[in-house]
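If you want the building blocks of each chain, they are given just below.
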Amino acid sequence: IVLGNALVNMYGKCECLDDAWEVFWRLTERDVVSWNTLISVCAHLERRDQVWQLFEQMRLEGLLPDRFTFVSILDACITQAALVKGKMVHDCFLSSAFNMDVMVGTALVTMYGKCGSLKDAERAFENMPRQNSVSWNAFIGAFAQYGEAKQAIHHFKRMKQKLDPDKVTFTIVLNSCSHAGLVDEGWDIFSSISQVYGMVPAVDHYACMIDLLGRLGRLAEAEDLLCNVPCERN
RNA sequence: UUGAUGACAG
């Protein structure tokens, strides 16, 4: 069964949905991992109808969804029209232990954020029993995505009082500065990567800064930075 | 064996 599940996963990751589907149905036994694997594959390929169909079928076969299942289901709710469905799924586990799960909570924040419901994203985030850097990134990213750079920076500052930002955090916040044209804030944050956090700025961070300068038409500075990127450029 | 956050290229 482990081998079968791995096969479903392999075909899915290769985007061979038909093959994944066929292997799945040929399995003599299917456990919760088998279902999760195919549901996750369908979610990533944006086959939302199939996600719902499988979710229903697995329950008909008497299997209980776990946190992996819910993460994929929430993934499939990422589209404007699915906000209602997303809330339904949320209600499904509102009073269960899944509501306490960091990864399910993060998937919720992402879902609400991508559906444009920043209020719900904020509520879901604040209701999480604890937040790790991935949760913070999802939360900050929700504001960044909607051009709320000031809010993104505000929550970034809150995050810094609790735990250290990571590489993804800086990418999100710098990108947000780039879209809002916040060049001073961008430079401050960029400098803090090495000066405050002792991290080596990644090529992604240089790319964000170059993008920021470029959008403002400050091409000489952008080029200068590009020529001075100390790591390997992509 | 399945899982949450990522900008540019677009």
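Enquirer: Even after reading the chapter, I still don't get the state of the cysteines, so can you show me in this structure?
Expert: Defined simply, a disulfide is a covalent bond joining two cysteines at their sulfur atoms. Inspection of the entire model under this criterion finds zero disulfides. No disulfide involves Cys92; its nearest neighbouring cysteine sulfur is the one of Cys77, lying 10.0 Å away. Among the residues examined, Cys92 registers a relative accessible area of 48% and is labelled partly exposed. Between Cys208, a cysteine without a disulfide, and Cys177, which holds the nearest cysteine sulfur, the sulfur-to-sulfur distance is 9.2 Å.

Enquirer: Would you explain the protein's contact with RNA strand B in this entry?
Expert: With respect to spatial proximity, 29 residues lie near RNA strand B, and among them Asn5, Val71, Met103, Asn137 and Asp204 are the closest. Within 4 Å of the protein, atoms of RNA strand B come from sugar and phosphate in 52% of cases. Thr37 has a polar side-chain atom sitting 3.1 Å from a sugar or linking oxygen of RNA strand B. Within the contact set of RNA strand B, a base nitrogen lies 2.9 Å away from a side-chain nitrogen or oxygen of Arg67. Secondary-structure elements contributing two or more residues to the surface near RNA strand B are α1 (2-13), α3 (32-44), α5 (67-75), α7 (102-114), α9 (133-145), α11 (167-180) and α13 (203-215). Looking at the surface near RNA strand B, its residues break down into eleven nonpolar, 13 polar and five charged.

The rules behind these values
Residues numbered from 1 in each chain as written. Chains lettered and ligands numbered in written order. Predicted model: local features only at pLDDT ≥ 70, side-chain atom pairs only at ≥ 80, totals over all residues. Heavy atoms only, no water. Disulfide = S-S within 2.5 Å. Buried < 20%, exposed > 50% of the residue type's maximum accessible area, 1.4 Å probe, protein only. Near = heavy atom within 4 Å. Polar contact = N/O pair within 3.5 Å; in protein donor to acceptor, adjacent residues only side chain to side chain. Helix = DSSP H or I, 4+ residues; strand = E, 2+ residues; numbered from the N terminus. Nonpolar A, V, L, I, M, F, W, Y, C, P; charged D, E, K, R; others polar.

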